[in-house]
Amino acid sequence: MNAHALLTRLRGQIPLLVTAVLLVSMFSVGSVQYEGFFSGQVVLNLLIDNAFLLVVAVGMTFVVLTGGIDLSVGAVVALSTMVSAWLVEQHGWPPLLVIPLVLLMGTAGGWLMGWIIHVFEIQPFIVTLAGMFLARGLCYTISVESISITDPQYTAMAQTRIPLGSLFVSPSALIALLVVAVAFVVLHYTRLGRNVYALGGSEQSALLMGLPVQRTKTTVYAISGFCSALGGVLLTFYMLSGYGLHAVGLELDAIAAVVIGGTLLTGGSGYLLGTLLGVLVLGLIQTVISFQGTLSSWWTRIVIGALLFVFIVLQRLITARRR
Amino acid sequence: MRQQPVLEVRGIRKEFPGVVALDGVDFRLFPGEVHALMGENGAGKSTLIKVLTGVYQSDGGEVVLAGERVRIAGPLQAQQAGISTVYQEVNLCPNLSVAENIFIGREPRRFGLVDWAAMRRRAAELVRELDLDVDVSAPLNSYSIAVQQLVAIVRAVDVSAKVLILDEPTSSLDRDEVRQLFAVMRRLRDQGVAILFVSHFLDQIYEICDRMTVLRNGRLEGEYLTSELNQVELVSRMIGAELAGLHQLGGGKRRERTAPTGKAFLQADRLTRRGAVEPYDLDIRPGEVIGLAGLLGSGRTEAARLLFGADQSDGGTLRIEGAVTALRSPRDAIAHGIAFCSENRKTEGLVGELTVRENIVLALQASRGWMRPLPRAAQDAYALRWIRALDIRPNNPEALVRNLSGGNQQKVLLARWLITDPKLLILDEPTRGIDVGAKAEIQKLVANLAEDGMAVLFISAELEEVLRLSHRIGVLRDHRMVAQLDNDGELTPERVMATIASGADQ
């Protein structure tokens, strides 16, 4: 019986292992093929260039673990860049006021969607789709043009390089890693986190076990809203602009990262560190293609698409075996 | 003078649209007893339990817990008040570990963070106290339903040790697992826990229970000591004055049957599906009842699904009325006059949001095509006829199916298929989880249908039932049909059991 239990436990880890193996082999192949690929800075650049995606994907992981989905994240990222640029540049508000305000806005928006999903028992898909249109549309009420940011505090965040020996990282990358660390502790060591897993396992059971289902659900979408807004803030550091066309399709990248990271779309099973690996895989695909030099960047999409198919089928095989 | 009841219910009332589920029911539960809640399907047992656990709000009456009047607003309040429930379907999270399932919502914490080591240690202690051999850090879904149920009990008792409600816990357990469950129940009873036990197995009730409360049609029939009421008296109180079906049930008298000898309606020849069932042969003639016996998971349902096109066979041939036929989907099977009543009536059959009438005419309407709607008058006529023929209660065609009890839902499902006048009726566990009265009715109905020339494939875990009805019995073991036994009047449950156990006819 114990061997069986061990097998069951291992089976849950298969997608994560596959992702880790994929990451290592992609990196090895890149190192053999291209000069200058095998360096610590390439790895750190993955974090620097994908910091905002990582943060958004962390929020998405919470939602997907409950068995839900949040399509609004890309639009909320865009709205956050827009509101930041508008308030800082055109109204002269101090960044230290604007940033908390933007974070609060994202959190409140997510909370509201979670509340609607739970109270009216509506599919998360359609509620967050509405949220997506709403946030994207609101961007253009501010401006249809891109607003560039020249505020010195923002440019400082964009240009600061924190040395790590002979290498360097950006503040955004550190913030993203901090978010991963905090989210890891929350998911694995707090009641909220365990309730998230329970909800994904069986909402009916969670309710009958007396767990706070409504609070957990609204919190999860609030977390995703917060992470999207923070992702937006990091994107303003990266792009130094606010624009309604920023982060188009980011929600899909985030979902892809979560799925490739081994979290089941049906909820209840997955790891936050898997999401980190998933984001790195996506980033690495881009890096390999840019090192390759002749391929169009659209090949990134094609590879991600193919990978997603493989991982979804893998998930299906694992869950089907379990029954 | 007896001690105070730990839980007392007075004059409780609960209504659903079109149904009065509970009508002024009183109920007492004392500490340190195992108390059975008895009644036919639709008598109000499930409703009473759901009121006690806060899933439903009562429309009248009061609940007194340890001398104090309480209002139970939800499952959480019920747990906090000391009432825990373990349901027929295990309501735990299969993706979490055993230890987490015991402690979730109440995890031991250190500095605000979940203390996994302490949680595993305490879970292991609780599990050991009940003599269970379980690795608490393994995921729950690596264990059988029986073990999962015991884990649910461990959780329930640890949450609140006053009142434990067990709703049909034994319906999917085998004999050894039931013994293990009863050992745990006795131990808890001796610790002073009050246990409310609901089961359709009368032998189990008499083995484990001290007292019982009988409900009928939403009303209290009476409260008895188990030692003062024998089984026949109990059943007569459950079903009221209608003792007609009872003799047939208690006596075990088998109908005289001569197996029909006509041409086979359906012939399976080395029919198989990899991973589901190994090649098997089976002939079913009009007017014949074929039983399928075997343990849970032995391949009974899988074998039947091939005959309905619900799964595709990957070997062997199927002949229907002599012609080789490949059933690609249930639609094909229905077109050939085959009907399949599945064991999951909730998930695979009925639409709870529709009325009894709408559910009954659903298949017929589908076979006519949506362009030719069945006139309302005809719908009413069909519904009323089958409600009367199968004694569906309440006898209101406009009641919502989800408000009906399990046994009555099963009858609605049967009616839906019977209305299409099938040539072969496949029944998968039609009497699972329903009470003796309804069981006898369904058995009688099956026998009558066969006499009128319908071929029936009858799957059931209860050997007595299979023996009573079938002309021939296919025995399955480990996904293989190991024998086909003629039910010539000398076949005994023991011999069928021996065949299942040994894998060969002896």
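Residues numbered from 1 in each chain as written. Chains lettered and ligands numbered in written order. Predicted model: local features only at pLDDT ≥ 70, side-chain atom pairs only at ≥ 80, totals over all residues.

K.L.:
So, the pairing of strand β1 (residues 7–16) of chain B: which residues are in play, and what are the values?
P.N.:
Residue and element names in this part refer to chain B. Where β1 and strand β4 (residues 60–65) come together, 5 bridges link them in antiparallel fashion. Among the inter-strand pairings, Leu7 is bridged to a residue of β4, identified as Leu65. Taken together, the 8 bridges between β1 and strand β2 (residues 19–29) define a ladder with antiparallel strand orientation. Considered in β2, the bridge of Glu8 is made with Arg28. Counting the residues that bridge the hairpin from β1 to β2 gives 2 residues, and of these Gly18 lies at a positive phi of roughly 85°. (Pairing = 2+ DSSP bridges. Helix = DSSP H or I, 4+ residues; strand = E, 2+ residues; numbered from the N terminus.)

K.L.:
Give a detailed account of the confidence of the model for chain B, specifying residues and quantitative values.
P.N.:
All names here are of chain B. Here chain B averages 84 in pLDDT, and 93% of its residues register 70 or above. Scored below 50 in pLDDT, residues 242–254 makes 14 contacts in the model with residues more than four places away or belonging to other chains. Interface confidence for the predicted complex, expressed as ipTM, amounts to 0.85; the pTM equals 0.72. (pLDDT = per-residue confidence, 0-100. Contact = placed C-beta atoms within 7 Å.)

K.L.:
Which residues make up the sheet that holds β2(B), and what values go with them?
P.N.:
In any sheet, the strands associate via hydrogen bonds between backbone groups, in a parallel or an antiparallel arrangement. Residues and elements named next belong to chain B. Spatially, 4 strands are ordered β2-β1-β4-β5 in an open sheet, and the strand pairing comes out antiparallel. What marks the edges here is a single partner per strand, and that holds for β2 and β5 (68–70). Taken pair by pair, the neighbouring strands of this sheet meet at an average axis angle of 30°, ignoring direction. Contacts from helix α1 (residues 45–52) reach β1, β2 and β4 within the one sheet, and its direction differs from that of β2 by about 65°. (Axes fitted to C-alpha atoms, helices over the stretch in contact; angles between N-to-C directions.)

K.L.:
Describe in detail the domain arrangement of chain B, supporting the description with residues and values.
P.N.:
Accessible area lost when the parts come together is the quantity often used to give the size of an interface. All names here are of chain B. Taken domain by domain, chain B holds domain 1 (7–244) and domain 2 (266–502). Spacing between the C-alpha centres of domain 1 and domain 2 amounts to 31 Å. At the junction of the two partners, domain 1 supplies 15 residues and domain 2 supplies 20 residues. (Domains from an automatic or database assignment.)

K.L.:
Break down the nonpolar core for me, citing the residues and quoting the values.
P.N.:
Burial of nonpolar side chains together is a common tendency in soluble globular proteins. Residues A:Leu54, A:Val55, A:Val56, A:Ala57, A:Ala254 and B:Ile195 are the most contacted members of the largest nonpolar core, which totals 164 residues. Counting residues in each nonpolar core, the second largest holds 70 residues, with B:Ala293, B:Leu307, B:Leu413 and B:Ala455 among its members. (Core = buried A, V, L, I, M, F, W, Y, C linked by C-beta atoms within 7 Å. Buried ≥ 20, exposed ≤ 12 C-beta atoms within 10 Å, placed from the backbone.)

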